[in-house]
Amino acid sequence: MADILKHIAAHKAAILRATPRLALPSRPMTRKFSQALAASPTGIITEFKRRSPSKGEIHPCALPEEVIPAYESAGATCCSVLTDTPYFGGSLSDLAVARSVTTLPLLRKDFVIAETQIAEAALAGADAVLLIAALLERTRVEELTAAAHEAGLEVLFEIHSERELERFTESVDMIGVNNRDLTTFHTDPTLSEKVADALPENIVKVAESGLTSFEEVRRLRSLGYRGFLIGETFMRAASPGVALRVFLDGKTL
């Protein structure tokens, strides 16, 4: 299979070359994504997405103004909003709508490779952005993290293997372990457990993808994780908010 990350990076780079550079807004952080996770007894990061490259259509007609308030009401701690259009069917408009209907801290989840995207995220109301280790050299992670902080945003730095910790920089605010390999789409729900001891101390840790029961959340919390990003498990339900409420009741979906 072709390396999807390289393809996406090239696609994004072409778009960004044709996009006027946005000035980075400078503002204080008004919401703390990492602090919300650290203080929460559950740490559930719900996700708004309509489709994915690996699973195809998930909830193609979903509307952020319906789904995200229901997530908040059901007990979500934070919410991730997919803004990539070609692969996930999202948009910056989804993020802006989300900001207008919830007080939850919001993550712009996209393939961020340029300061322009950070400025977009801030202007649309995000509180944090995702930086994927597989897409960026360590120096670039540092540069984009500095830009995010200037714009009042936090950074979730995402790895898919212990080897990618080489690109970690202490300036990021959170570290995420994605259990799904983005080149093969294979999901290993135990990856977060396997790399837990190798993760830096004194940083908010997030487990991502493949979580289907609250028992898994309990086990990962015991290993030091404080955030749990869950998308498809909820978004495949007719009512994602109801699915979250059942999940938090300790029932396996």
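Residues numbered from 1 in each chain as written. Predicted model: local features only at pLDDT ≥ 70, side-chain atom pairs only at ≥ 80, totals over all residues. Heavy atoms only, no water.

Focus on the overall build of the chain
Then, number 1: The helix and strand tally for the chain stands at ten helices and ten strands.
Then, number 2: A total of 253 residues make up the chain; the buried ones form 55% of that total.
Then, number 3: Across the chain, every contact between residues at least 6 apart in sequence was considered, and the portion connecting residues at least 24 apart equals 69%.
Then, number 4: Accessible surface, the chain as shown: approximately 10,600 Å² in total, 52% of it carbon and sulfur. (Helix = DSSP H or I, 4+ residues; strand = E, 2+ residues; numbered from the N terminus. Buried < 20%, exposed > 50% of the residue type's maximum accessible area, 1.4 Å probe, protein only. Contact = heavy atoms within 4.5 Å. Areas by Shrake-Rupley, 256 points an atom, 1.4 Å probe, with all protein chains shown as cover.)

Thoughts on the packing of aromatic side chains
Two measures describe an aromatic ring pair: the distance that separates the ring centres and the angle between the ring planes.
Then, number 1: Inspection of the entire model under this criterion finds five aromatic pairs.
Then, number 2: Every member of this aromatic cluster is reached through a ring pair, and the members are Tyr-71, Phe-214, Phe-234 and Phe-247. (Phe/Tyr/Trp six-rings, centres within 6.5 Å; stacked < 30°, edge-to-face > 60°.)

Quick look at the nonpolar core
Across soluble globular proteins, nonpolar side chains have a tendency to be buried as a group.
Then, number 1: Counting 77 residues, the largest nonpolar core has Leu-153 and Tyr-225 as the members making the most contacts within it.
Then, number 2: Ranked by residues supplied to this core, first place goes to strand S6 (residues 128-132) with five residues. (Core = buried A, V, L, I, M, F, W, Y, C linked by side-chain atoms within 4.5 Å.)

Comments concerning the pairing of strand S7 (residues 154-159)
Then, number 1: Judged by how many residues are buried, S7 sits mostly within the fold: six of six residues are covered.
Then, number 2: Judged by which residues are buried, S7 turns out to be covered on both faces: Glu-154, Leu-156 and Glu-158 on one side and Val-155, Phe-157 and Ile-159 on the other are all buried.
Then, number 3: Relative to S7, S6 runs parallel, the two being bridged by five bridges. Counterpart to Leu-130 in the pairing with S7 is Leu-156.
Then, number 4: For the handedness criterion, the β-α-β arrangement of S6, helix H6 (residues 138-150) and S7 is classed as right-handed.
Then, number 5: Pairing of S7 with strand S8 (residues 174-178) involves four bridges; the strand directions are parallel. Opposite Phe-157, over in S8, you have Ile-175 as the bridge partner. (Pairing = 2+ DSSP bridges. Right-handed = clockwise from strand over helix to strand, strands pointing away.)

Quick notes on the sheet that holds S7
Then, number 1: If you walk around this closed barrel you meet the eight strands as S1-S4-S5-S6-S7-S8-S9-S10, and the pairing is parallel. Sheet twist, expressed as the average angle between the axes of neighbouring strands with direction ignored, equals 25°.
Then, number 2: Here strand S9 (residues 204-208) runs beside strand S10 (residues 227-230); their pairing, made up of three bridges, is parallel. Across the sheet, the residue bridging to Ala-207 is Phe-228, located in S10.
Then, number 3: Running over the sheet, helix H4 (residues 92-101) touches strand S1 (44-48), strand S4 (78-82) and strand S5 (106-109) and is turned about 180° from S5. (Axes fitted to C-alpha atoms, helices over the stretch in contact; angles between N-to-C directions.)

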